[in-house]
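Descriptive structure summary
Here is how the chains run, residue by residue.
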Amino acid sequence: AMPTVAIVGRPNVGKSTLVNRILGRREAVVEDIPGVTRDRVSYAAVWSGRRFLVQDTGGWEPDAKGMGQAIARQAEFAMNTADAVVLVVDATVGATATDEAVARVLRRSKTPVLLAANKVDDERVESEAAALWSLGLGEPRSVSAAHGRGAGDLLDAILEVL
Ligand code: GDP
Ligand code: MG
């Protein structure tokens, strides 16, 4: 079977935009309104000649009670079923309580976890990305899913652990 990389994180951090960037096409649904992605949707991707599945996640009601728990459960499911997990955080916002709760779950993962610091559209945001070392998931990998900055390096890192 093809290896699967699951993309997890709270609403509006740019998970679906990152999935589209990995696919090189617009297939995952991007919305300014958070929470539109259905539970889990997998797409076939290829990078450096290697084929894998990329799984977008979502499906919770924005700001619903228990949303943080639903995201943490989704992350836990991902680490138990996928071959690699990418936690996406919005570097321009910084680590929220929800991000920290999800990171706490993922720190127990035996499956490799990469931390993507998204919305680093230019180098002025790099210092905010570096602050995400605090999540305890290793090096925050700066990326701008919207513009492509850092996406190749993130994909190389994903393939290294896949
Ligand atoms: P999701 O809920 O995590 O799947 O987030 P989406 O991919 O739907 O994106 C949420 C919003 O963030 C949309 O308005 C995107 O255009 C925006 N966005 C996503 N990635 C970036 C990025 O790298 N830079 C900036 N500035 N905005 C982004
Ligand atoms: Mg989405």
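Let me begin by describing the structure that accompanies this report. (Residues numbered from 1 in each chain as written. Chains lettered and ligands numbered in written order. Predicted model: local features only at pLDDT ≥ 70, side-chain atom pairs only at ≥ 80, totals over all residues. Heavy atoms only, no water.)

Before going further, it helps to spend a moment on the sheet that holds strand S1 (residues 4-8). Ordered by their spatial adjacency, six strands build an open sheet running S2-S3-S1-S4-S5-S6, and the pairing between neighbours is mixed. Among the strands making up the open sheet, the edge pair consists of strand S2 (40-47) and strand S6 (140-142). Between one strand axis and the next, the sheet turns through 30° on average, direction left out of account. In this sheet, strand S4 (residues 84-90) lies alongside S1 in parallel orientation, the contact comprising four bridges. Within S4, the residue paired with Val 8 across the bridge is Leu 87. On top of the sheet, helix H3 (residues 97-106) reaches S1, S4 and strand S5 (113-118); it is set at about 160° to S4, its chief contact. (Pairing = 2+ DSSP bridges. Helix = DSSP H or I, 4+ residues; strand = E, 2+ residues; numbered from the N terminus. Axes fitted to C-alpha atoms, helices over the stretch in contact; angles between N-to-C directions. Contact = heavy atoms within 4.5 Å.)

The pairing of S2 with strand S3 (residues 50-57) spans eight bridges and is classified as antiparallel. Within S3, the residue paired with Ser 42 across the bridge is Gln 55. Where S2 folds back onto S3 in an antiparallel hairpin, the turn is made up of two residues, including Ser 48, whose phi is positive at roughly 50°.

Positive phi is not limited to glycine here, since Asn 12 has a value of about 75°. With respect to the helices and strands, the residue Asn 12 is situated in the loop between S1 and helix H1 (15-23). Here Ser 48, not a glycine, exhibits a phi torsion of approximately 50°, which is positive. Within the secondary structure, Ser 48 is located in the loop between S2 and S3.

Turning next to helix H2 (residues 67-81). The end-to-end C-alpha separation of H2 is 21 Å, in line with the 21 Å expected for 15 residues at 1.5 Å each. Turning to H2, its buried residues are Met 67, Ala 70, Ile 71, Ala 72, Gln 74, Ala 75, Ala 78 and Met 79. The secondary structure elements touched by the buried residues of H2 are S1, S2, S3, S4 and H3. (Expected span 1.5 Å × (residues − 1). Buried < 20%, exposed > 50% of the residue type's maximum accessible area, 1.4 Å probe, protein only.)

Within S5, six of the six residues are buried, leaving the element largely enclosed by the surrounding structure. The side-chain alternation of S5 yields two buried faces, one formed by Val 113, Leu 115 and Ala 117 and the other by Leu 114, Ala 116 and Asn 118. Pairing analysis gives six bridges linking S4 to S5, with the strands arranged parallel. The partner of Val 86 across the bridge, within S5, is Leu 114.

A separate point is the packing of H2 against H3. Where H2 contacts H3, the axes come no closer than 9 Å and their chain directions differ by 25°. Taken together, the axis directions place H2 and H3 in an arrangement best described as roughly parallel. In this structure, the crossing between H2 and H3 has a hand that is right-handed. Where H2 abuts H3, its residues Gly 68, Ile 71, Ala 72, Ala 75, Glu 76 and Met 79 lie against Thr 98, Val 102, Val 105 and Leu 106. (Parallel < 35°, antiparallel > 145°, perpendicular 65-115°, else oblique. Left-handed = near helix turned anticlockwise from the far one by under 90°.)

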